[in-house]
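Analysis of the macromolecular model
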Amino acid sequence: MQIHWPLIVSTTCQRVGLGLFICAFLGFVCVGSPVGLSVVAWITLVLLAVGGVASVFHLQRPKRFFNAFKNPKSHLTQEAIVTPFLGAALLACGLDGVLYDLGEASLLAGAVAAALAAAFLVCTGLAYQMGSRPAWNTPFVLVLFLLTALSAGTIGVVVLWLVSVGLVPVVFVWAAVASTAVCVACQIAYVARMRSVGYGVNVEATKEPYRPYFIAWVVMGAAVPLTMLLSLFIIPLAPVISCVIAWLSCACGIAAWTMLFFRGAHKVKMFPMYPVDLNLDM
Amino acid sequence: MSDKRYGMVIDLDKCTGCQACAVACKMENDVDLGVFWERVYRMGPIGEFPDKLEMFYFPNQCMHCENPSCIDVCPTKATYQTDEGVVLVDASLCFGCQYCIWACPYEARTLNPHTKIVEKCILCVHRLEKGEQPLCAYTCTTGCRVAGDLGDPESQVSQVLAQNEDRAYRVHPEFGNKPSVVYLLPRKGAETLCKSIGR
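These lines cover the structure that appears in this document, whether it is placed above or below. (Residues numbered from 1 in each chain as written. Chains lettered and ligands numbered in written order. Predicted model: local features only at pLDDT ≥ 70, side-chain atom pairs only at ≥ 80, totals over all residues.)

**Overview of the overall build of chain A**
Stated formally: Secondary structure elements follow DSSP: runs of H or I of four or more residues count as helices, runs of E of two or more count as strands, with numbering from the N terminus. Here the C-beta atoms are placed from the backbone, and a residue counts as buried if at least 20 other C-beta atoms lie within 10 Å of its own, exposed if 12 or fewer do, and partly exposed otherwise. By the convention adopted here, residues are in contact when the distance between their C-beta atoms, placed from the backbone, does not exceed 7 Å.
Helix and strand counts for chain A stand at 8 helices and 0 strands. The helix and strand sequence of chain A, counted from the amino end, reads α-α-α-α-α-α-α-α. Expressed along its principal axes, the backbone C-alpha trace of chain A runs to roughly 65 × 50 × 25 Å. Taking all 282 residues of chain A together, the buried fraction comes to 50%. Considering only intrachain contacts with a sequence separation of at least 6, the fraction spanning at least 24 residues in chain A is 74%.

**Some words on the overall build of chain B**
So the rule is basically this: Based on C-alpha atoms, the radius of gyration is set beside the globule rule, defined as 2.2 Å times the residue count to the power 0.38.
When helices and strands are tallied, chain B shows 7 helices and 10 strands. Whereas a compact globule of 199 residues would reach a radius of gyration of roughly 16 Å, chain B reaches 17 Å, a difference of no more than 12%. Principal-axis analysis of the C-alpha atoms places the extent of chain B at approximately 55 × 35 × 35 Å. In chain B, the proportion of contacts linking residues at least 24 apart, taken out of those at least 6 apart, comes to 57%.

**Comments concerning the interface of chain A and chain B**
Filter applied, for reference: Following the grouping adopted for this structure description, the nonpolar residues are Ala, Val, Leu, Ile, Met, Phe, Trp, Tyr, Cys and Pro, the charged ones are Asp, Glu, Lys and Arg, and the polar ones are all others, Gly among them.
The partner chain B presents 33 residues to the 31 residues of chain A that form the contact. For the side of chain A that touches chain B, the element with the highest residue contribution is helix α3 (residues 75–95) of chain A, accounting for 3 residues. Taken together, the residues that form the side of chain A that touches chain B break down as 16 nonpolar, 8 polar and 7 charged.

**Description of the packing of helix α1 (residues 5–31) of chain A against helix α4 (residues 105–127) of chain A**
Helix-helix packing is described using two parameters, namely the angle between the two axes and the distance between the axes. Residues and elements named next belong to chain A. The criterion, for reference: Whenever a helix is involved, its axis is fitted only over the stretch in contact; in every case the axis is a line through C-alpha atoms, and angles between N-to-C directions fall within 0 to 180 degrees. Two helices crossing with the near one rotated counterclockwise from the far one by less than a right angle form a left-handed crossing, whereas a clockwise rotation gives a right-handed crossing.
For the pair α1 and α4, interaxial distance at closest approach is 9 Å and the crossing angle is 145°. For the pair α1 and α4, the sense of crossing is left-handed. On α4, the residues touching T11, Q14, R15, L18, F21, I22, F25 and F28 of α1 are G110, A113, A114, A117, A118, F120, L121 and T124. Split by residue class, the contact of α1 with α4 holds 11 nonpolar, 4 polar and 1 charged.

**A look at the packing of α1(A) against helix α5 (residues 140–165) of chain A**
Residues and elements named next belong to chain A. In the contact formed by α1 and α5, the axes pass within 7 Å of each other and the chain directions differ by 60°. In the crossing of α1 with α5, the sense of the turn from one axis to the other is right-handed. Judged by residue contacts, R15, V16, L18, G19, L20, I22, C23, A24 and G27 of α1 engage F145, T148, A149, L150, A152, G153, T154, G156 and V157 from α5. Of the residues assigned to the contact of α1 with α5, the class counts are 11 nonpolar, 6 polar and 1 charged.

**Thoughts on the sheet that holds strand β1 (residues 6–11) of chain B**
Residue and element names in this part refer to chain B. The cut-off we apply is this: A pair of strands is labelled paired if DSSP reports no fewer than 2 bridges between them.
Read across the sheet, 4 strands follow the order β8-β1-β10-β9 without closing on themselves; strand pairing throughout is mixed. With one partner strand each, in any of the chains shown, β8 (145–149) and β9 (168–169) form the two edges of the open sheet. When β1 meets β8, the two strands line up antiparallel, connected through 5 bridges. Residue pairing across strands places G7 opposite G148, the latter belonging to β8.

**Brief notes about the pairing of strand β10 (residues 181–184) of chain B**
All names here are of chain B. Here β10 shows two buried faces, one formed by V181 and Y183 and the other by V182 and L184. Pairing between β1 and β10: 4 bridges, direction parallel. Paired with V9 across the two strands is V182, which belongs to β10. Pairing between β9 and β10: 2 bridges, direction antiparallel. Looking across to β10, one finds that Y169 is bridged to Y183.

**Quick word on unusual backbone geometry**
All names here are of chain B. Following G44, the chain continues to P45 via a peptide bond in cis, the omega torsion being 5°. By secondary structure assignment, the location of P45 is in strand β2 (residues 38–46). The phi dihedral of L123 is positive, around 55°, even though this residue is not glycine. Examined against the element boundaries, L123 turns out to sit in the loop between β7 (118–119) and α4 (125–128). L123 gets classed as buried once you count the C-beta atoms within 10 Å, which come to 27. Within the chain, H172 stands out as a residue other than glycine whose phi angle is a positive 45°. With respect to the element layout, H172 can be found in the loop between β9 and β10.

If you want it as structure tokens, here you go:
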């Protein structure tokens, strides 16, 4: 399958932004993170806006965008329905403490925004789970959408925590390491599964034409973030820079991973036992 | 709600891969350059000449599934199903997100690069409604295609299907789409395929 660049940008921005907000909210509620939810909400809104603009470029007739709300059974419609509510909830969080003070209702606004962010990620993950693409015909797709968001989100919170107060609890760094490690383990399992999906479309990720994306993901999505995070325990010099590198690398790793994800999503062959005289891949 | 259920039977034993159906389709429906509603693939050859050689032609088009995955994924409801079971695209609603192309397991849809809208076979429903065959079936040099009302046991298409039930095959039944285009497997030249599906 071809790589659809607008979707690479939009899904990467969504996961980085929404993962950040969910993790910041959980950090705030569970361990009293000092990271301000209003700042996180604005970062998330900017990333969502970039992703939204990118996804419009995927549409061949963007002027008809508002037709996207017509089929509630479609995960894309569900995504479109969630979007305005999510935007409003994030805006409410972003303006809290700037234009008004929600007081104790801040927590409620944050919870609503976090729940809608999770719902958005679930809709996107489900949209890509397709029977016609054997590599995508697995619950791994949804799990990986959520795990990549979690990984980027926890690293992002570590960065913002360090920027806010200069120190971050060890437990939160370990949470970022653990979520990234679990995500990488699931990605490895997904890549291993691609080798034997059948229908004549098995994919060896380490070989051409998938190799560049595979290497990019291994380096940026796994090696650099984990090394940078673990380096905080060994050489705690310039922790903010290490964590920023880990966060940016994680985001690039998600993009590289999504490229591999698209490239490996071939359509089922009608009769895989026979060579075909026309190119079936679109 | 209509009792009619339009479908088509294609006898792979008769198809010679002449592509007349693909040309006829382009003429009848004014199909744009680079867009195909109908394609004929050559499957094979594999095996050894003369006794173990396998090859056949496979005309491919929209299967007008009873349970089409393209309809579920379409966010704009541009893709819809008529009461007679024909799956169509409302060009005024489609915004070219292409998810239907991705979701269709049968490679039946194409994005028109000029109109930026997804297109596919319409089973020449305008002809079927007048009691005529789709132009691909009308033009077929070997008569390998018959279309009509699969819900009417007296219709020609139902009778052809009933007479050849032992060769009838709906591609990839495991997806649960229940295609309304039924293929009659070749009597010779597709032994590997027949073995793989337990025939």
